[in-house]
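Below, each chain spelled out in residue letters.
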There are 2 protein chains.
Amino acid sequence: MNVSQQIETRAAASERNMADAIRFLAMDAVQKANSGHPGMPMGMADAVTVLFNRFIKIDPSLPDWPDRDRFVLSAGHGSMLLYAIHHLISFADMPMTELAAFRQLGSKTAGHPEYGHALGIETTTGPLGQGIATAVGMAIAEQMMAARFTSSLCNHFTYVVAGDGCLQEGISHEAIDLAGHLKLRKLIVLWDDNRISIDGSTDLSTSMNQLARFRAAGWDAQSVDGHDPQAVAKAIERARRTRKPSLIACRTRIGKGAASMEGSHKTHGAALGDKEIAATREKLAWPHPPFFVPAEIKSAWQSVAVRGRVAREAWEIRLDASRSKKRYEQTIARDLGGGVADLLAKFRAAHRKRGSKVATRQASQMTLEVINGATALTVGGSADLTGSNLTMTSQTQAIAPGNFKGRYLHYGIREHGMAAAMNGIALHGGFIPYGGTFLVFSDYARGGIRLSALMGLPVIYVLTHDSIGLGEDGPTHQPVEHLAMLRATPNLNVFRPADIVETAECWEIALGEKKRPSVLALSRQALPMLRQTDGDENLSARGAYVLQEARGPRDVTLLATGSEVEIAVAAAERLQAEDIEAAVVSMPCWEKFEAQDAAYQGQVLGDAPRIAVEAAGRLGWDRWMGPHSAFVGMLGFGASAPAGDLYRHFGITADHIVAEALRLVRDDFREAPRIGARTDSRIGKDVIASSREI
Amino acid sequence: MNVSQQIETRAAASERNMADAIRFLAMDAVQKANSGHPGMPMGMADAVTVLFNRFIKIDPSLPDWPDRDRFVLSAGHGSMLLYAIHHLISFADMPMTELAAFRQLGSKTAGHPEYGHALGIETTTGPLGQGIATAVGMAIAEQMMAARFTSSLCNHFTYVVAGDGCLQEGISHEAIDLAGHLKLRKLIVLWDDNRISIDGSTDLSTSMNQLARFRAAGWDAQSVDGHDPQAVAKAIERARRTRKPSLIACRTRIGKGAASMEGSHKTHGAALGDKEIAATREKLAWPHPPFFVPAEIKSAWQSVAVRGRVAREAWEIRLDASRSKKRYEQTIARDLGGGVADLLAKFRAAHRKRGSKVATRQASQMTLEVINGATALTVGGSADLTGSNLTMTSQTQAIAPGNFKGRYLHYGIREHGMAAAMNGIALHGGFIPYGGTFLVFSDYARGGIRLSALMGLPVIYVLTHDSIGLGEDGPTHQPVEHLAMLRATPNLNVFRPADIVETAECWEIALGEKKRPSVLALSRQALPMLRQTDGDENLSARGAYVLQEARGPRDVTLLATGSEVEIAVAAAERLQAEDIEAAVVSMPCWEKFEAQDAAYQGQVLGDAPRIAVEAAGRLGWDRWMGPHSAFVGMLGFGASAPAGDLYRHFGITADHIVAEALRLVRDDFREAPRIGARTDSRIGKDVIASSREI
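Residues numbered from 1 in each chain as written. Chains lettered and ligands numbered in written order. Predicted model: local features only at pLDDT ≥ 70, side-chain atom pairs only at ≥ 80, totals over all residues. Heavy atoms only, no water.

Describe the UniProt feature "domain: Transketolase-like pyrimidine-binding" (unreviewed entry) in chain A, naming the residues involved and giving the relevant values.
UniProt feature "domain: Transketolase-like pyrimidine-binding" (unreviewed entry): in the numbering of this structure it lies at residues 358-529 of chain A. For residues 358-529 of chain A, the helix share is 39%, the strand share is 18%, and the end-to-end C-alpha distance is 8 Å. (UniProt positions renumbered as here; feature names shortened; annotations may be inferred. Helix = DSSP H or I, 4+ residues; strand = E, 2+ residues; numbered from the N terminus.)

Laid out in structure tokens, this is it:
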């Protein structure tokens, strides 16, 4: 053996022990919780030890140092792999007591890794495929930062550990296609190629040649023995050099090391049992008790932290010496400056005065023109509907392979991949991503949107063509249940502005959110400017407000959002001819209105009978409607026809509102026990929307 | 030229005219509607003409003949391609007047093809990628039927026309991986390889080598000039012979034939304009007015119908001669026979008597054991969660490549692909598909679930682990908004049974639905048998019912579903000690309850204050709660911990219900204007669930 071989052998011996530490921490923590997934941490312990021991650049004493490498455990069920490493390299919030409290209430060691729940967790994973797709966004953001600040300030890798599930999920296709296209050379995926999924062998459900698949997408792809540290290290070295994103298939045995269960799908999602664990201690010559790691092994792991700290300190010196320091720090802080708000206030005032009548998707583009001119933080995009979503502005040059100076992403026909990539861009830091598709295709992006909300990320979804108002494309393209789906999602703003003024207001609120994603549901069709009051107050910030008060005491209150506010205003006018005083309340954001105090809510909603008007399903509206009320909206799916015909066909008209108001106000209304309105349960294409309380 | 070459040349000349007929019908219909997508029908006219003229086996006079070839226009925006062909081969409901009414209210020519809306439309398409994924289900069903009835009764191809969008969407990955694995040799996909998407060249967003990608998944893949009929025909011939599913990349020019716009993305989604169309008439030497097709071209197209009729008549003779005829017809009719209902009634009675305490997912498996024993129509499956969803029974042998006798599909980690495949199985006919995943991963399947509902298909989703009751896996795996999302979807039954009796009842209802999909939301945790009444009536069929009436006049009514009914029952008992009479209403299916008459609804809900209890978000509940009410449930996302700890942490407990009841009943309740309850808008992990009306 020559010296270099000797060093390698010693490193491998030490790495074997380092990996075994992960194995026993995973086994013991899952056993104690009697819940969790030991198989993956055990199977990938060798490869991930090599990755951390020899390559990864993170500093546990400053977990959010911007130029750290990103490590994404896409196979999030293997969370004990991450927690074990975080303990071993001394993250402040991961003492051994936390590992012993795995999956218990209040512990840092949640069932799946959660961003923000413990230090150093780069993204929330568990829903399969999200990690790899989010990592694509991180790698895009890295390249964008490097293009803006040179590689002396931004130069890090994004490493992913993915399982078979991640690669079977459709979102992985969207992610790898986009990554290959953009040649994200600093994205490196280690695939835990153990040929086992929950149901048993992957032979039960797939015959995919993953290496060929990734190569078809423009990736570099290698396959190595995942239990051979030298082979893994060599593969990572090559991956770091190649000009393409890299897949390294690590051939592993699930539950590697387990005395009798190694290789079995039974190690995937359940504790191994005391007997098996005891036998594994024998087999691996690991005499230590549970939740104990010998000092020399702990010390070996410390070198990871030391290497990271040294790198971080060197980076800080470079940053201090950089002329871009201030701009860099503002970027990382996502500091919008005061300019945007002022410009938007002027924009609103001008269009209020001018009475601009435009589709809210167009109002959104006009607003974005102001925003993108005032800040470089925003990064636009669309899932191949740029001309429909109107997400491009004069400032947003497209990003392309080799050119990351731009700030617009052609995400392709990949709504799910777009959502996850936006999450990754937001998580990386330095940018505020927004991206467009049709509201109805929020269906395809659901998994990613949910994670935006769960992680509390400042991601903005521009969802246009927000109702039957899109017209001829028909029911497959007409959202009916989507506002309810999004409103039901915790920690998500769902904005549906009624005109250009509200659109600008909602954009301003969305931009100001630090820990909450936003949806802007926007019309295809033109809508008149409706704001009547003067003054600069952002009324949408209260979620709902009286757009037009009744002249005297209210006989009825009309609640509406978006394109239906115009219809409510028309109905109110017609009701005056009938001597009925109607107030019109615009409700651009239920979530913000819910956060108002009771006095304000009461003042807006009033105590007159209410009619809710929205070109969508009723679910959720009863919260605001009160006992004497009616709903004018959709009872089922839409249909294909010009928008005007559809509004008439489904009865979402001023006439219908007037008729409902007359019934509510004039009928000899008996206060019967309030029960659910009966609606027609047919698909409803031919049913006039109407609902009567009885 | 030899004779065969002469014939080919003549066929090609004729096919050129046949294709031009499609082109002008598409151009003119889109122009008249001033809405639609001419580019794709024009680009694919040549290839699809060859497919129909030389290969496809359909009989327009009997559009649902079971052994017809299936044609799926996955790129559904090219609907005029389909409508033009349906007109040209004389489908009864597609006269020229319908083409002239393209995209108008009440016409057969909806914006995108809709199953059930016009004859011969095999599936609803438009949301990209759904067609190809649904076709996989059709091809699976074809093989299954052939395995049961020999190829003399079932022997047809499934042809798909897919665009770039279909192949970029993630669902396509799930579909082609599954199809390649199962070696669905009679699935043939023609890809409209025009290198154009809405934003412009596909170079903007993808560098995928699609042929290599499909080959990696086990497909045969070819590339041909899509405007060369002989090449297309040769490719289809090879595809029909190969033992694998086939991709044929048809290199085309979008808007082929257009005078100046051929090849431009501007032909994709808008009318070409009168001038361009006139110039195109010149260029293609097509002197005919809009909406006119010369007799000789119409006659050439008629040969497609003739070939189909001959094939269908030959098949009918084979069916009449078959000893399996009766069984075949029962299968196609999805005739369950009376046996299942009787067996399920006995099953319910036995477990009512026995008081069986099991998780509803286990109750579902026990019910399925009865169902699958009594009928061969059901086809089970799971997205790699078989042991968790408990979707397998003793009768369900797995389907595998080359073995389609089984009736269980290991769908892999592919929720979206599973949903679409189930749609395809249901559309093909002969089977009732059910498939499992966790409720939270209905997110991933949303696009497919929506189409189940829009098409009105008898597909059953077995969605287990339906709340924080799943425990330690944490918020990524705990559904909170999913019941609302599903309940908001029109034409979908959302069942959440409370015990083994309700589970069997809900299964029985779901099986009986002919035109409506169902979701069964099932618990991970064990739940006691709660049914107190005797008798065989399926009480779940009414959607909600009084499980336990108050002894005297009601002081409060507790509304609950699923695992929370047990908690409501416990609360009612405890309230008695406080001299408060509570009724407990179980609401396993809101949709069915909505369809009841007002008298029944009133009787169930009563006029006492109400408390709704569900381990999910509030959205939608206000419809049933009434003005004096409270909600006990989730305000935000869940957390990682054992289930019992989580229920206590989030306050979904009998104690909390009792406290709310005391407040509602004893407080000096002023009937204030009913307004929305204020809730904490934080992510809510640490917030005790509670909501107070003010």
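Give a description of helix H9 (residues 229-241) of chain B that names residues and reports values.
All names here are of chain B. Its 13 residues place the ends of H9 19 Å apart at the C-alpha level, agreeing with the 18 Å of an ideal helix rising 1.5 Å per residue. Within H9 the residues assigned to the buried category are Pro229, Val232, Ala233, Ala235, Ile236 and Ala239. Axial view of H9: buried residues confined to an arc of 165 degrees, hence all on one face. Opposite the packed face of H9, turned more than 90 degrees from it, sit the exposed residues Lys234 and Arg241. Each element contacted by the buried residues of H9 is listed here: helix H1 (3-33), helix H2 (39-55), strand E2 (158-162), strand E3 (187-193), strand E6 (220-225) and strand E7 (246-251). (Expected span 1.5 Å × (residues − 1). Buried < 20%, exposed > 50% of the residue type's maximum accessible area, 1.4 Å probe, protein only. Arc of directions from axis to C-beta. Contact = heavy atoms within 4.5 Å.)

An account of helix H13 (residues 339-354) of chain B is requested, with residue identities and associated values reported.
Residue and element names in this part refer to chain B. In this model H13 runs 22 Å from its N-terminal to its C-terminal C-alpha over 16 residues, within 8% of the 22 Å that 1.5 Å per residue would give. Taken as a whole, H13 has its buried residues at Val340, Leu344, Ala345, Phe347, Arg348, His351 and Arg352. Projected down its long axis, H13 shows its buried positions confined to an angular sector of 160 degrees, all on one face. Looking at H13, the residues exposed on the side facing more than 90 degrees away from the buried face are Lys346, Lys353 and Arg354. Those residues of H13 that are buried lie in contact with helix H14 (360-374) and helix H19 (500-512). Once H13 finishes, Gly355 follows within two positions and takes phi at roughly 65 degrees, a positive value.

Outline the packing of H1 of chain B against H2 of chain B, supporting the account with residue identities and numerical values.
Two quantities define a packed helix pair, namely the angle between the axes and the distance from one axis to the other. Residues and elements named next belong to chain B. The N-to-C vectors of H1 and H2 enclose an angle of 130 degrees; their axes lie 8 Å apart at closest approach. Taken together, H1 and H2 sit at an angle that is classed as oblique. The two elements H1 and H2 meet at a crossing, and its hand is right-handed. The segment H1 lies against H2, with Ala11, Glu15, Met18, Ala19, Ile22, Arg23, Ala26 and Met27 engaging Pro41, Met42, Ala45, Asp46, Thr49, Val50, Asn53 and Arg54. Looking at the contact of H1 with H2 residue by residue, the class counts come to 10 nonpolar, 2 polar and 4 charged. (Axes fitted to C-alpha atoms, helices over the stretch in contact; angles between N-to-C directions. Parallel < 35°, antiparallel > 145°, perpendicular 65-115°, else oblique. Left-handed = near helix turned anticlockwise from the far one by under 90°. Nonpolar A, V, L, I, M, F, W, Y, C, P; charged D, E, K, R; others polar.)

I'd like a rundown of the interface of chain A and chain B, residues and numbers included.
With 122 residues of chain A at the interface, the matching set in chain B holds 121 residues. Approximately 10100 Å² of surface area, both sides summed, lies buried where chain A meets chain B, with 56% of it carried by carbon and sulfur atoms. Connecting chain A to chain B are 8 salt bridges. Asp473 of chain A is the salt-bridge partner of Arg103 of chain B, the closest N and O atoms lying 2.8 Å from each other. Split into classes, the residues belonging to the side of chain A that touches chain B amount to 45 nonpolar, 45 polar and 32 charged. (Buried area = accessible area lost by both parts, 1.4 Å probe. Salt bridge = Lys/Arg side-chain N within 4 Å of Asp/Glu carboxyl O.)

Before we move on, could you go through the packing of aromatic side chains and cite the residues and values that matter?
What the rule picks out here adds up to 30 aromatic pairs over all chains. Relative to Trp286 of chain B, the ring of Phe24 of chain B lies with its centre 5.1 Å away and its plane at 10 degrees, an arrangement referred to as stacked. Taken together, the residues Phe24 of chain B in helix H1 and Trp286 of chain B in the loop between helix H10 (274-283) and helix H11 (295-321) connect sequence positions 262 residues apart. Taken as a pair, Phe24 of chain B and Trp286 of chain B share a single burial class, namely buried. With centroids separated by 6.0 Å and ring planes inclined at 75 degrees, the aromatic side chains of Trp590 of chain B and Trp624 of chain B adopt a geometry described as edge-to-face. Of this pair, Trp590 of chain B sits in helix H21 (residues 590-594) while Trp624 of chain B sits in helix H23 (residues 622-625), and the two are 34 residues apart along the sequence. The pair formed by Trp590 of chain B and Trp624 of chain B is uniform in burial state, with each residue classed as buried. Clustering of aromatic rings is evident, with ring pairs tying together Trp590, Phe593, Tyr600, Trp621 and Trp624 of chain A. Between Arg623 of chain A and the ring centre of Trp624 of chain A, over which it is positioned, the NZ or CZ distance is 5.7 Å. Above the face of the Tyr600 of chain B ring, Arg542 of chain B is positioned so that its terminal group lies 3.8 Å from the ring centre. (Phe/Tyr/Trp six-rings, centres within 6.5 Å; stacked < 30°, edge-to-face > 60°. Lys NZ or Arg CZ within 6 Å of the ring centre and 35° of its normal.)

Which residues make up the side chain of Asp193 of chain A, and what values go with them?
Structurally, Asp193 of chain A can be placed in strand E3 (residues 187-193). The contacts of Asp193 of chain A, once residues within four sequence positions are left out, are Ala249, Cys250, Arg251 and Thr252 of chain A.

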